Amino acid sequence: MAATPLAPSARAVRTVAFVDGVRTPFGKAGDKGIYANTRADDLVVKVIRELLRRHPELPPERVDDVAIAATTQTGDQGLTIGRTAALLAGLPKSVPGFAIDRMCAGAMTAVTSVAGGIGFGAYDIAIAGGVEHMGRHPMGEGVDPNPRIVADKLVDPTALVMGQTAENVHDRFPAITKQRTDEYAAQSQERYADAVKAGKIGPELVPVAIRNPELGWGLATEDEPPRPGTTVEQLAKLKTPFRPHGRVTAGNAAGLNDGATGAILADEDTARELGLPVGMRLVGYSFAGVEPEVMGIGPVPATEKLLARTGLSIEDIGLFEINEAFAVQVLAFLDHFGLDATSERVNPWGGAIACGHPLASSGVRLMTQLSRQFAEHPEVRYGLTTMCIGIGMGGSVLWENPNYDGSDK
C-alpha cells in the first residue's frame, strides 16, 4: 500500500545554518583596478574552490545547488553563472546551479532562496553568493527600461540614478545633514582600518591571482578601495556629482567596485553530521518595496516586517550589519529605530563606504562579518543584516548566534 504523503502544513521546517562565508578582496572598478584583466566568473570560481578547500569534510557531491547573483547578467556574468561557475570550480556535473538578480541584494536573495529550499527539505546543503565586475559591466549596461515607467509617471526619473535617490532621502529627512553623513563615513573608514589591524578582516579573504599588462602577474590579498585616515574636513571638500550644492559625494557613499562572495548553507542536522561548523542560524527574512525615488529607506519597512513576523523588537538585536551604499541611507535607518550611529552594535568593523560595494555580492559580505562577530560575542543572541535595493526595495535577514550564552539577560 502506498504511503500517504504529508500535507505541506504537516512538514517540519528544518533549521538553516550559515556554515561559512568567504570573499575575494574588493577592487576598484575601471582600467586601473586590480581586476581590470580578471573575468567575473573566475572570481566566483575562486570563491567556490576556497569554500571547498576550507571544508574538506564536505563531500562536493553533497552540494545540492549553487545560486550565484549578478546584477548585470551579461558577458562573463551571464550564461546562468551559478551553473557555469560550479562546473569551472570542479564541482560534480550532477550539481545544478542558477543565477539571481535583485540588484544590490542579489547575494542576500541567493542565500534566502536556498535557505527556503533547505528549510522545506528540498536541499541539505547549498552554496550561495554573488559577483559584480562593475569595471567590465557598469550598472545599467545594455538595459532598456520600458519608457512607460517614466512616461506614465510610475516613478520619477531620479529613481533610475542611485546617487539621485540618495539626495532625495536627504530631502525627505533634512535632519540628516551632510555633516552627519561625512562624520559617519569617516567613522566607517576608521573602524574598517582598525578591524584590519586587529586581524578581524582578512581571514575571510581569498587571494586572487591578477595580471597587469605592465607589471605582470601579482596577487590581490587586500581590499583596494579603503582610504585610511580620512577626515571629516577632507570629506567636506569633495564635489557633489548628483546635484549642484548637494550632499552625496564619493566620500560618503560606496564606490564602483569589483568582487565576489560565497557561503555554504546547510540544514543544521546535516552540518553536525558532516562536522561542518555552524556560524549562525537563520531566524527569518523579509523584503519590502518602497518608492523607487527614495530606495535608501527600504531597510526600514523590510526590518519592521521581519520583526513583526518573528515577534522580536529592535532592542533584541545585538549586532547590525547594514550595507553602506550611502551614509544617508544608513542614518535614515538608525534614526527611524532610535539607534546611535556611534554604537559598537552598528557596523563595528566599518562597511561598504570603506571596503566597497560590488552590488550583487555584498549581502554575503554582511553575513560573513556578522558570523565572525557572533563568535566574539556570546552575549549577543540576535543579529541583523540589511540593505537597500535599487528600484525601491529593502531586504533584511535575522540571524541567531549559536554561541549565545544567555549573559545579556
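Throughout, a residue's number is its position along its own chain's written sequence, starting from 1. A pLDDT threshold of at least 70 governs which residues receive local features in this predicted model, and a stricter bar of 80 or more applies before side-chain atom pairs are shown or counted, although totals over entire chains, interfaces and linings include all residues. Water and hydrogen atoms play no part in the side-chain values, which are based on all heavy atoms of the structure.

(A) Quick peek at the overall build of the chain. What the chain contains, in helices and strands, is twelve helices and twelve strands. In terms of overall size, the chain behaves like a compact globule, its C-alpha atoms giving a radius of gyration of 21 Å where 409 residues would be expected to give roughly 22 Å. For the chain, the spread of C-alpha atoms along the three principal axes comes to 75 × 55 × 50 Å. Summary of the burial criterion: residues with accessible area below 20% of their type's maximum are buried, those above 50% are exposed, and those between are partly exposed, where the area comes from a 1.4 Å probe applied to protein chains only. A burial count over the chain gives 57% of its 409 residues as buried. Partitioning the contacts of the chain with sequence separation of at least 6, the portion at a separation of at least 24 is 79%. Within the structure as shown, the chain displays about 17,000 Å² of accessible surface, and the carbon and sulfur contribution to it stands at 54%. Residues counted as positive are Lys and Arg, residues counted as negative are Asp and Glu, and His and the chain ends are not counted. Every charge is mapped to an atom, namely NZ of Lys, CZ of Arg, CG of Asp or CD of Glu. The chain carries 38 positive and 49 negative side-chain charges, and their two centres are separated by 2 Å. Secondary structure elements follow DSSP: runs of H or I of four or more residues count as helices, runs of E of two or more count as strands, with numbering from the N terminus. We take the radius of gyration over the C-alpha atoms and set the globule estimate at 2.2 Å times the residue count to the 0.38 power. Two residues qualify as a contact provided that any one of their heavy atoms is within 4.5 Å of a heavy atom in the partner residue. Surface exposure here means Shrake-Rupley accessible area, sampled with a 1.4 Å probe, where a residue is shielded only by the protein chains that are shown.

(B) Here's a closer look at helix H3 (residues 106-120). One less than the number of residues in a helix, times 1.5 Å, gives the span that helix is expected to have. A rise of 1.5 Å per residue sets the reference length of H3, with its 15 residues, at 21 Å; its end C-alpha atoms lie 21 Å apart and thus fit the reference within 8%. Counting buried residues along H3, twelve of its 15 residues qualify, which places the element largely inside the surrounding structure. Listing the buried residues of H3 in full gives Gly106, Ala107, Met108, Thr109, Ala110, Val111, Thr112, Val114, Ala115, Gly117, Ile118 and Gly119.

(C) Summary view of the nonpolar core. Buried Ala, Val, Leu, Ile, Met, Phe, Trp, Tyr and Cys residues form a nonpolar core when they are joined through side-chain atoms within 4.5 Å. One finds Phe320, Phe326, Phe333 and Leu334 to be the most contacted residues of the largest nonpolar core, which totals 41 residues. Only helix H5 (162-172), helix H6 (178-197), helix H7 (232-236), helix H9 (299-310), strand E10 (317-322), helix H10 (327-337) and strand E11 (382-389) provide two or more residues apiece to this core. Counting residues per element, this core draws most heavily on H10, which supplies eight residues. Ignoring sequence-local partners within four residues, the contact set of phenylalanine 333 consists of Pro299, Val300, Thr303, Phe320, Ile322, Leu339, Leu384 and Thr386. Within the second largest apolar cluster, 38 residues are counted, among which are Val44, Ala89, Ile210 and Ala271.

(D) Looking closely at the UniProt feature "active site" (unreviewed entry) in the chain. Taking the numbering used here, the UniProt-annotated feature "active site" (unreviewed entry) corresponds to Cys104, His357 and Cys388. Of the residues just listed, which span 285 residues, no C-alpha pair is farther apart than 12.0 Å, and they cluster in one region. With respect to the helices and strands, cysteine 104 occurs in the loop between strand E4 (97-100) and H3. Residue classification places cysteine 104 among the buried residues on the basis of a relative accessible area of 7%. UniProt positions are given in the numbering used here, feature names are shortened, and annotations may be inferred rather than shown by experiment.

(E) Inspection of the pattern of salt bridges at higher detail. The salt bridge criterion pairs a side-chain nitrogen of Lys or Arg with a carboxyl oxygen of Asp or Glu, the two atoms within 4 Å. Applying the stated rule across the entire model yields 21 salt bridges. As a salt-bridge pair, aspartate 335 and arginine 180 come within 2.9 Å of each other at their nearest N and O atoms. Of this pair, aspartate 335 sits in helix H10 while arginine 180 sits in helix H6, placing them 155 residues apart in sequence. When its relative accessible area of 26% is taken as the criterion, arginine 180 is described as partly exposed. Between glutamate 268 and arginine 281 there is a salt bridge, and its shortest N-O distance comes to 2.9 Å. Here arginine 281 lies in strand E9 (residues 280-289) and glutamate 268 lies in helix H8 (residues 268-274), a separation of 13 residues in the sequence. By the burial criterion, glutamate 268 is buried, and arginine 281 matches it. What emerges from the salt-bridge pattern is a single network uniting Glu167, Asp171, Arg243 and Arg247.

(F) Spotlight on the packing of aromatic side chains. For Phe, Tyr and Trp, where Trp contributes only its six-membered ring, two rings pair if their centres lie within 6.5 Å, and the inter-plane angle classes them as stacked under 30 degrees, edge-to-face over 60, or tilted in between. Applying the stated rule across the entire model yields four aromatic pairs. An angle of 70° between the planes, with centres 6.3 Å apart, marks the rings of phenylalanine 320 and phenylalanine 333 as edge-to-face. Residue phenylalanine 320 is located in strand E10, and its partner phenylalanine 333 is located in helix H10; the two are separated by 13 residues in the primary sequence. A relative accessible area of 0% places phenylalanine 320 in the buried class. When the centroid spacing of 4.9 Å and the interplanar angle of 55° are considered together, the rings of phenylalanine 333 and phenylalanine 337 count as tilted. Highlighted residues: phenylalanine 333 and phenylalanine 337, both in helix H10, separated by four residues, approximately one helical turn. Phenylalanine 337 shares its class with phenylalanine 333; the two are buried. An aromatic cluster is present here, built from Phe320, Phe333 and Phe337 joined pairwise through their rings. Here, a charge over a ring is recorded when the distance from Lys NZ or Arg CZ to the ring centre is within 6 Å and its angle to the ring normal is within 35 degrees. Sitting over the face of the ring of phenylalanine 26, arginine 23 holds its NZ or CZ atom 4.4 Å from the ring centroid.

(G) Inspection of the pairing of E4 at higher detail. Two strands make a pair as long as DSSP finds a minimum of two bridges between them. The pairing of strand E3 (residues 65-69) with E4 spans four bridges and is parallel. Bridge pairing links alanine 67 to phenylalanine 98 in E4.

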